[in-house]
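Working through the structure, step by step
Letter by letter, the chains look like this.
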Amino acid sequence: MEGHDPTSDIKTERRYYGRFKTTVRRFIFFSTVLVVTTASSLWLADLFYRDGYHKVNGILLGIFIILNGLLTLGSLHAVFGAIDMLLGRRQAVRITKLADGMDGPLSRRFAVVMPIYNEDSHKICARIEAIYRSIEATGHLESFDFFILSDTRDLDLWVLEETAWTNLCRNLDAFGRIYYRRRKKNENRKAGNIGDFVRTWGGGYEGMVVLDADSLMDGADILKMARVMEAHPRLGILQTPPKLIRGNSIFTRLQQFAMRLYGPLFIRGLNFWQLGGGSYWGHNALIRLKPFSDYCELPDLPGKEPFGGKILSHDFVEAALMVSQGWEVWLAWDIEGTYEEAPPTLVDHLIRDRRWCQGNLQHMWLIFARNLPFSVRMHLFMGIMAYLGSPVWFLFLLTGTWLAWERANSDLSALPFESFVERWLHIGRGEQSIILTIFVFTLLFLPKILAVTGAILVPRIRRSFGGFFPLVTGLTVETVVSILLAPCIMASHTMMVVSIFLGRAVGWGNQNRETDGTAWADAFRVHLFPTVLGIAWSFVAFKISPTFAAWMSPILLGLVLSIPVSVITSRTRYGKALRRSNILATPEEIDTPSVILLADAAKSSYDPALDSSAEHRQGVVAAIVDPYVNGVHVSLLEFSELTPAGEALAERCLSEGPAALSKNEMSELMYLAPAMLHMHRSVWLRSTEGIHSVWTQALESYRRRLDSHTTEA
């Protein structure tokens, strides 16, 4: 209807948390950030006033205001989170309260979607199987369908995905409930993959649970999320806070320990002010499909990559569009059964960060866009500063070194008059510097102090981390190693930001989820710049004075030791040794949740009768030679006629082997069902002289398997 506002209906629905109370909470939180930042910045300005004008002071003060603001913002999330916890569960704002006491059947249907890109098909099927069985245990499986959405470009992995999915469906009797589809063209990466699902199948479902390839979620929690969405018509996205699991290297164990120990404070603090104006983190979330389809189509940004073109970090923008149209986006902080895995090494972590960095910096186009609510701008700002913060820290340390160098060589003394703080509080200049330094370090370590204090005082939490001594030892290890890692990450992020500003765009690679360590050569190549920087900086620091070098030592040591720290923290044998002593243990390791056990035990995607990973007949070769694999592959293709061009391509593949075809030619051939059938018949019926040796080897492999089964029988 012309002139009709499609959002008007939803805007008449009652908000879960009132607008006035929301404004009060945000005013309290951000005015506290502003007061603390302003007070400490004025204090530093007063100290500079005492020393007299210096050309570096203005720059240093400006940088300090930015960094201190970011530090205060982060620490106050933990402080408000701690206050929220102390007030108790009843006083906390909890959207999932809407599902309390509900036990009837769902009235709407929901989809569980897992977009994948060149992943291990058996592992993603194991996660789907675990979630499937977990929902089945609730007795509400009939309300859910599952979709494996493949953007896989590796043709062998494509075939492996098909056979793994078929075995999974056969063993779970889940044909018609677990679906698999591969996109022919992976336009717009993951966002395009999800968008294709929404346009093709989205109309049949009220909402979709979006997973990553390494996601795992408990069925009862998914059911609860669906109930919340049914109970609150204004809910657009329900995001859960996933916990990191399955960490084997020291690097991943540090991450999952820190996130598990400190994360709840930040999550509660975040929920304190964002309320219904939350954000979407791209996975482990439930999204209402109709508004997502109506409003979350992502526009291309002006210009070319890295700042223009397709939006890489789509999730923040999709949440922003949802909130700007009046839909609520909530963080379900009390959903426990939500998990993901982390990159196994520092090098893999930085490779992933390169993509996230470019995506978040693209948001600079959007942060000042019209009609965006305050909470949306704050989320975009925090995402941008998560990466811009590193070059600002780097500049701060460089400027501080410059100032120290100037002072060491100027022979100037402080001006002989009092600062304002000295006059009013009777605190000398030296004491003021120490107090201000302690204040900054307190802000830095306050979340750790609050989290560990809470964990030690609450027996249930203390036991969940293995007890007092493993908890404190883990905290010590995590703090020391994190201090060593931080300078290298700062330098690497700075290089990322600089390279992006210089116009270097990032590609879309598959994520490495498992490895047994970084090779020394790889670590040398990746961390050469931080190492050289650290050595040069150490020389300058000692030239200024040994005292200054001692102050800078945590930064300088982290830079100089980048390569060995990166290699040692990547080794799984050291991580597993810590695990055996319960050092850096998490509650999920001490008392493993049922859905993780289900995923560990899941084997439904394995079946020797339908296997495309045997020697000499893997992937593409199996799809042509093996009758079962060929049957599965062809059954998933659309009907087509065999054209002369397709037949010629198939004949070339038969005579010259698949390696003679380009990737695009082979991909095109695999989409032609009559060509795949023609090649299958040919390799079995033609003489060995008429086909390439790769097919005869595959036939021999298949015959050996049949013979072994006959002998066993």
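Now for a look at the structure at hand. What you see is a predicted model, and the numbers here were worked out from it, not measured in a lab.

1. Quick look at the pattern of salt bridges
Counted according to the given criterion, the structure contains 31 salt bridges. Here arginine 183 and aspartate 151 are joined by a salt bridge, their closest N and O atoms 2.7 Å apart. Pair noted here: arginine 183 is in the loop between β3 (178–182) and α6 (189–201) and aspartate 151 is in the loop between β2 (144–150) and α5 (155–172), with a separation of 32 residues, a long-range link. Under the relative-accessibility criterion, aspartate 151 is labelled buried at 0%. For arginine 652, the salt bridge is made with glutamate 665, and the minimal N-O distance between the two is 3.3 Å. In this pair, arginine 652 is assigned in helix α25 (residues 644–656) and glutamate 665 in helix α26 (residues 663–670), connecting sequence segments 13 residues apart. What you see here is one network of salt bridges that share partners, running through Arg89, Arg94, Asp100 and Asp334.

2. Some points on a nonpolar patch on the surface
Side chains of Phe20, Val24, Phe27 and Ile28 sit close together on the surface and give an oily, nonpolar patch of about 440 Å² of accessible area. Along the chain, the position of phenylalanine 20 falls in helix α2 (residues 19–51). By relative accessible area, which is 67% here, phenylalanine 20 ends up exposed.

3. As for the environment of leucine 457
In this structure, leucine 457 sits in helix α14 (residues 429–457). Take leucine 457: its relative accessible area is 65%, and that puts it in the exposed class. For leucine 457 and phenylalanine 468, which are 11 residues apart along the polypeptide, the C-alpha to C-alpha distance reads 9.8 Å.

4. With respect to helix α4 (residues 121–138)
Taking 1.5 Å as the rise per residue, α4 with 18 residues should run 26 Å; its terminal C-alpha atoms sit 26 Å apart, in good agreement. In terms of residue burial, α4 counts as a mostly covered element, since 13 of its 18 residues are buried. The positive-phi residue at the C-terminal boundary of α4 is glycine 139, with phi of around 85°.

5. Concerning unusual backbone geometry
Look at leucine 275: it is not a glycine, yet its phi comes out positive at around 50°. Within the fold, leucine 275 resides in the loop between α8 (250–274) and β8 (285–288). Its identity as a non-glycine residue notwithstanding, leucine 584 has a phi of 65°, on the positive side. Tracing the sequence through the fold places leucine 584 in the loop between α20 (572–580) and α21 (587–590).

6. Thoughts on the environment of valine 481
Along the chain, valine 481 falls in helix α16 (residues 468–501). Looking at valine 481, the relative accessible area reads 15%, which means it is buried. Residues valine 481 and glycine 558 lie 77 residues apart in sequence; the distance between their C-alpha atoms is 9.1 Å. Non-local contacts of valine 481, meaning those with residues more than four positions away in its chain, are made with Leu254 and Thr569.

7. Regarding the sheet that holds β2
Ordered in space as β3-β2-β1-β4-β8-β6-β9, the seven strands form an open sheet in which the pairing is mixed. Each having just a single partner strand, β3 and β9 (328–331) make up the two edges of the open sheet. Between one strand and the next, the sheet's axes are offset by a mean angle of 20°, whatever the strand orientation. Relative to β2, strand β1 (residues 110–116) runs parallel, the two sharing seven bridges. Residue pairing across strands places proline 115 opposite leucine 149, the latter belonging to β2. Along the sheet, α4 makes contact with β1, β2 and β3, crossing β2 at roughly 170°. Here helix α7 (residues 219–231) sits on the sheet in contact with β1, β2, β4 (207–210), β6 (235–239) and β8, set at roughly 30° to β8.

8. Here's the deal with the packing of helix α11 (residues 346–362) against α16
Their axes nearest at 10 Å, the elements α11 and α16 cross at an angle of 40°. Considering their axes alone, α11 and α16 lie oblique with respect to each other. Taken as a pair, α11 and α16 cross one another with a handedness that is right-handed. Contacts between α11 and α16 pair Leu346, Leu350, Asp353, Arg354, Cys357, Gln358 and Leu361 from the former with Leu485, Cys488, Ile489, Ser492, His493, Met496, Val497, Ser499, Ile500 and Phe501 from the latter. Each residue belonging to the contact of α11 with α16 can be placed in one class, and the counts come to 11 nonpolar, four polar and two charged.

9. Section: empty space enclosed by the protein
Rolled over the atoms, a probe as big as a water molecule pinpoints where empty space is left. This model, assessed by the stated rule, comprises one cavity of 30 Å³ or more. The volume enclosed by the largest cavity comes to roughly 40 Å³. Lining the largest cavity, in full, are Gly278, Ser279, Phe316, Ala319, Ala320, Val376, His379 and Leu380. Within the residue set of the lining of the largest cavity, elements represented by two or more residues are α10 (314–324) and α12 (374–410). Here the lining of the largest cavity is built from residues that sort into five nonpolar, three polar and no charged.

10. Some details on the pairing of β8
Here β8 shows a buried face lined by Ala285 and Ile287 and a second buried face lined by Leu286 and Arg288. As paired elements, β4 and β8 share four bridges and run antiparallel to each other. Looking across to β8, one finds that glycine 207 is bridged to arginine 288. Pairing geometry for β6 and β8, over three bridges, is antiparallel. Bridge pairing links isoleucine 237 to isoleucine 287 in β8.

11. Re the side chain of glutamate 328
Tracing the sequence through the fold places glutamate 328 in strand β9. At 3.0 Å, the side chain of glutamate 328 and the side chain of histidine 232 are in polar contact. Excluding residues that lie within four positions of it along the chain, glutamate 328 makes contacts with Arg15, Tyr16, His232, Arg234, Leu235, Gly236, Ile237 and Gly276.

12. Notes on the nonpolar core
Within the largest apolar cluster, 84 residues are counted, with the highest numbers of intra-cluster contacts made by Phe144, Phe146 and Ile178. Broken down by element, this core gets its largest block of residues, eight residues, from α5. Each residue touching phenylalanine 146, except ones within four places of it in the same chain, is listed here: Val112, Ile128, Ile131, Tyr132, Ile135, Leu141, Arg177, Ile178 and Tyr179. By size, the runner-up hydrophobic cluster in this structure holds 70 residues, among which are Tyr205, Val210, Ile367 and Ile489.

13. Here we look at the sheet that holds strand β5 (residues 216–217)
Read across the sheet, three strands follow the order β5-β10-β7 without closing on themselves; strand pairing throughout is mixed. Where the open sheet ends on each side, the last strands, each with one partner, are β5 and β7 (243–244). Where β7 and strand β10 (residues 338–340) come together, two bridges link them in parallel fashion. Bridged to leucine 244 within β10 is glutamate 340.

14. Points about the environment of threonine 32
Structurally, threonine 32 can be placed in helix α2. Overall, the relative accessible area of 26% leaves threonine 32 in the partly exposed class. Separated by 44 residues in sequence, threonine 32 and leucine 76 have C-alpha atoms that sit 8.2 Å apart. Those residues in contact with threonine 32 that lie beyond four places of it in its chain are Leu76 and Phe80.

15. Some words on the packing of aromatic side chains
Per the stated rule, a full pass over the model turns up 24 aromatic pairs. Measuring from ring centre to ring centre gives 5.8 Å for tryptophan 165 and phenylalanine 175, while their planes differ by 90°; the resulting arrangement is edge-to-face. With tryptophan 165 in helix α5 and phenylalanine 175 in the loop between α5 and β3, this pair connects stretches of sequence that are 10 residues apart. Of the residues examined, tryptophan 165 reaches a relative accessible area of 9% and is grouped as buried. Ring plane angle 90° and centroid distance 5.9 Å describe the contact between tryptophan 393 and phenylalanine 396, whose orientation is recorded as edge-to-face. Of this pair, tryptophan 393 and phenylalanine 396 both sit in helix α12, separated by three residues, roughly a single helical turn. Chaining the aromatic ring pairs together yields one cluster made of Phe29, Phe30, Phe80, Phe272, Trp273 and Phe374. Stacked on the ring of tyrosine 671, the Lys or Arg lysine 184 has its end atom at 4.8 Å from the ring centre. Over the ring of tyrosine 574 we find arginine 573, and its NZ or CZ is 4.9 Å from the ring centre.

Quick notes on the rules
Residues numbered from 1 in each chain as written. Predicted model: local features only at pLDDT ≥ 70, side-chain atom pairs only at ≥ 80, totals over all residues. Heavy atoms only, no water. Salt bridge = Lys/Arg side-chain N within 4 Å of Asp/Glu carboxyl O. Helix = DSSP H or I, 4+ residues; strand = E, 2+ residues; numbered from the N terminus. Buried < 20%, exposed > 50% of the residue type's maximum accessible area, 1.4 Å probe, protein only. Patch = residues over 30% accessible without salt bridge, like charges linked within 9 Å, V, L, I, M, F, W, Y side chains within 5 Å. Areas by Shrake-Rupley, 256 points an atom, 1.4 Å probe, with all protein chains shown as cover. Expected span 1.5 Å × (residues − 1). Contact = heavy atoms within 4.5 Å. Pairing = 2+ DSSP bridges. Axes fitted to C-alpha atoms, helices over the stretch in contact; angles between N-to-C directions. Parallel < 35°, antiparallel > 145°, perpendicular 65-115°, else oblique. Left-handed = near helix turned anticlockwise from the far one by under 90°. Nonpolar A, V, L, I, M, F, W, Y, C, P; charged D, E, K, R; others polar. 1 Å grid on protein atoms, 1.4 Å probe; cavity = no way out; pocket = protein on both sides within 12 Å on 5 of 7 lines; lining within 4 Å. Points joined across faces, edges and corners; volume = space filled by probe spheres on them. Polar contact = N/O pair within 3.5 Å; in protein donor to acceptor, adjacent residues only side chain to side chain. Core = buried A, V, L, I, M, F, W, Y, C linked by side-chain atoms within 4.5 Å. Phe/Tyr/Trp six-rings, centres within 6.5 Å; stacked < 30°, edge-to-face > 60°. Lys NZ or Arg CZ within 6 Å of the ring centre and 35° of its normal.

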